[in-house]
Amino acid sequence: MVQWTSAVGTAQLARLLTSQQDRPAGPGTRRPPAYRALADGIRLLVLEGRVPVAARLPAERELALALSVSRTTVAAAYEALRAEGFMESRRGAGSWTAVPAGNPLPARGLEPLPPEALGSVIDLGTAALPAPEPWLTRAVQGALEELPPYAHTHGDYPAGLPALRAMIAERYTARGIPTMPEQIMVTTGAMGAIDAICHLFAGRGERIAVESPSYANILQLMREAGARLVPVAMAEGLAGWDLDRWRQVLREAAPRIAYVVADFHNPTGALADDDQRRQLVEAARSAGTVLVADETMTELWLDPDVEMPRQVCGFDPAGSTVITVGSASKAFWAGLRIGWVRAAPDVIRSLVAARAYADLGTPVLEQLAINWLLSTGGWEQAVAMRREQARDNRDALVAAVRRELPDWEFTVPRGGLTLWVRTGGLSGSRIAEAGERVGVRVPSGPRFGVDGAFEGYVRLPFTVGGAVADEAAVRLAAAARIVVSGGSAGAESPRTFVA
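So, how was this worked out
- Residues numbered from 1 in each chain as written.
- Predicted model: local features only at pLDDT ≥ 70, side-chain atom pairs only at ≥ 80, totals over all residues.
- Heavy atoms only, no water.
- 1 Å grid on protein atoms, 1.4 Å probe; cavity = no way out; pocket = protein on both sides within 12 Å on 5 of 7 lines; lining within 4 Å.
- Points joined across faces, edges and corners; volume = space filled by probe spheres on them.
- Helix = DSSP H or I, 4+ residues; strand = E, 2+ residues; numbered from the N terminus.
- Nonpolar A, V, L, I, M, F, W, Y, C, P; charged D, E, K, R; others polar.
- Axes fitted to C-alpha atoms, helices over the stretch in contact; angles between N-to-C directions.
- Parallel < 35°, antiparallel > 145°, perpendicular 65-115°, else oblique.
- Left-handed = near helix turned anticlockwise from the far one by under 90°.
- Contact = heavy atoms within 4.5 Å.
- Core = buried A, V, L, I, M, F, W, Y, C linked by side-chain atoms within 4.5 Å.
- Buried < 20%, exposed > 50% of the residue type's maximum accessible area, 1.4 Å probe, protein only.
- pLDDT = per-residue confidence, 0-100.

## Remarks on empty space enclosed by the protein
Here is step 1: Applying the stated criterion to the full structure yields two cavities of 30 Å³ or more.
Here is step 2: There is about 160 Å³ of room inside the largest cavity.
Here is step 3: What lines the largest cavity is a set of 15 residues, among which Arg171, Arg175, Thr298, Glu299 and Trp340 lie closest to the centre.
Here is step 4: Of all the secondary structure elements, the ones that give two or more residues to the lining of the largest cavity are α7 (162-174) and β11 (322-327).
Here is step 5: Element by element, the count of residues in the lining of the largest cavity is highest for α7, at three residues.
Here is step 6: Of the residues contributing to the lining of the largest cavity, the split by class is six nonpolar, five polar and four charged.

## With respect to the packing of helix α5 (residues 135-146) against helix α13 (residues 364-376)
Here is step 1: Where α5 meets α13, the axes come as close as 8 Å, and the angle between the chain directions of the two elements is 115°. Considered as vectors, α5 and α13 are oriented roughly perpendicular to each other. Taken as a pair, α5 and α13 cross one another with a handedness that is right-handed. Side by side, α5 and α13 meet where Trp135, Arg138, Ala139, Val140, Gly142, Ala143, Leu144 and Glu146 of the first sit next to Leu365, Leu368, Ala369, Trp372 and Leu373 of the second.
Here is step 2: In terms of residue class, the contact of α5 with α13 is made up of 10 nonpolar, one polar and two charged.

## Quick look at the nonpolar core
Here is step 1: Grouped together as the largest cluster of nonpolar side chains are 54 residues, with contacts concentrated most on Trp241, Trp246, Leu291, Phe332, Ile370 and Trp379.
Here is step 2: Per-element tally for this core: the top contributor is α13, with six residues.
Here is step 3: If sequence neighbours within four positions are ignored, phenylalanine 332 has contacts with Pro132, Trp135, Leu136, Leu373, Trp379, Ala382 and Arg386.
Here is step 4: In this structure, Met297, Leu300, Ala432 and Val464 belong to the second largest nonpolar core, which totals 43 residues.

## Some remarks on the confidence of the model for the protein
Here is step 1: On average, the protein scores 89 in pLDDT, and the residues at 70 or more come to 90%.
Here is step 2: Below a pLDDT of 50 lies the segment residues 104-109, which in the model reaches 16 contacts outside its immediate sequence neighbourhood of four places, other chains included.

Below is the structure:
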């Protein structure tokens, strides 16, 4: 059985390897043998996620010609990669990328921090902000006033409260996407929406194409559902999707589902433009792939001059290709577990029918709270408050990291809640481990990749600002020093910090 799920072209791999030569070497660095430099280059591309795991590599002769090196050099590099666990081969099937056995994905960094640790640990693990008051209190009070009629019913609304479904549909229509309430299902957060979609469309063993990197909790949800994840590398910086790679994966791997975050991608912050959205929808339609567009960050543009592209479903007027997922968790508050799915009516009916064997429905009081916000104008005011807070936090965190860790590289996103940071050649997993010892919690890059990619990254969310952001950067710098020295925390013990 063939073990690779995608392929990297000869010209593409040569271009990626050549781009690495532009990175400056450290002082006193000795030039390795040619085969060793090639092996290290391919290994780094895999660890950074720029070449997916389980991607078929070019034949030795083809790559040698593209790089203007001898075939012996390529053969020796491939043999070194096989010996280190970064390549597997089979006669007649070729060679493909891998990661060494015994390197499990880091498990820590994204779970909520225990309340008792808040006084001594700065939490950069969860990309979620505190509730925007007084709007949470007002929404709950408004929900309580609307509750009595619903209290006289059984309380189970598998598709969601009719009033909230109608309100969400109206908001899509107002944005130029005609939508009926029958096209909306309210879910228990975006995670509940993705879980329902995966169970309906992608049974165990089905392939799901995902951005690389992608949202860690969704990746884990799909793994536990038994899906075979096919990573598609993002373009450099904030350029969004690499459409050539997407077309190749959709054509060759034929995934049942493709999951994307078009609006302020988590974790990179990239914003896909109109042309990218149009092309990806067309490619998914041609491949017969269901495109799941996660819009949980869509209202979190942080710079006032950002022009938001048309929603992904706007390029699928027939509604046969795109399923949209929305949520109140990022734009308002994660404590209100309200999400929704927008899809064709027959898809919604199937999702609702399957829900009888899952959670039956979403809590009524929380739905009423979101409906109150949407119907009174409170939502717009609360989200405006959220944008201002996230923008201030972003600017403070960016300044602090640049000051304390000048070797770390990142591009500042214009929206969303996350900063995707290359850690100057250090292991993101080791920084995460050292960070917990010095009082800062941060998820490492491999959490956002498939099978161990992105070891040289960490994700920093815009959840702290001011003096707390300054202190977080100081502690991250202390963690980096521990990693560089290979020593223990010692004098780098955490300071108690009261925000």
